[in-house]
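# Breakdown of the fold
Here is what each chain is made of, one letter per residue.
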Amino acid sequence: MENLVSFIAKSLVDHPEDVDVKRIENGTDVTIELRVNPEDMGKVIGKQGRIAKSIRTVVKAAAAKENKQIRYGVDIIE
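Residues numbered from 1 in each chain as written. Predicted model: local features only at pLDDT ≥ 70, side-chain atom pairs only at ≥ 80, totals over all residues. Heavy atoms only, no water.

Glancing now at the environment of glutamate 2. With respect to the helices and strands, glutamate 2 occurs in helix H1 (residues 2-12). Here glutamate 2 falls in the partly exposed class, since its relative accessible area comes to 22%. Sequence separation of glutamate 2 and arginine 23 is 21 residues, and the distance between their C-alpha atoms is 6.9 Å. Other than its neighbours up to four places away in sequence, glutamate 2 contacts Val21, Arg23 and Ile32. A distance of 3.1 Å separates a polar atom in the side chain of glutamate 2 from a polar atom in the side chain of arginine 23. (Helix = DSSP H or I, 4+ residues; strand = E, 2+ residues; numbered from the N terminus. Buried < 20%, exposed > 50% of the residue type's maximum accessible area, 1.4 Å probe, protein only. Contact = heavy atoms within 4.5 Å. Polar contact = N/O pair within 3.5 Å; in protein donor to acceptor, adjacent residues only side chain to side chain.)

With that out of the way, let us pick up the sheet that holds strand S3 (residues 71-77). Spatial strand order, S1-S2-S3: three strands in an open sheet with mixed pairing. The strands lining the two open edges of the sheet, one partner per strand, are strand S1 (20-26) and S3. Taking the axes of each pair of neighbouring strands and ignoring which way they run, one obtains an average angle of 20° across the sheet. One ladder, built from seven bridges, connects strand S2 (residues 29-35) with S3; its direction is parallel. Residue pairing in the sheet places aspartate 29 in a bridge with arginine 71 of S3. (Pairing = 2+ DSSP bridges. Axes fitted to C-alpha atoms, helices over the stretch in contact; angles between N-to-C directions.)

Across all of its chains, the model carries four salt bridges by this definition. The salt bridge involving glutamate 33 is made with arginine 35; its shortest N-O contact spans 3.7 Å. Among the residues examined, glutamate 33 registers a relative accessible area of 16% and is labelled buried. Looking at arginine 35, the relative accessible area reads 31%, which means it is partly exposed. Overlapping salt bridges bring together Glu2, Arg23 and Glu25 as one network. (Salt bridge = Lys/Arg side-chain N within 4 Å of Asp/Glu carboxyl O.)

Take a look at the structure:
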């Protein structure tokens, strides 16, 4: 899942070398933290958060396809 988020983020930003993705597990909840260059925050979040919401939707769809009972969340951190 981290590879998916990393690939999407690197495709969107001007500074792909600054993309950092971490996985934090807490039981059946998994949070994926995405950090990007401050100049690229707007590109990852999008107007009214549309791109961020789309990234979360893709991650949830990929998790559902794996048939796992794990809840994934994606946090975009400055």
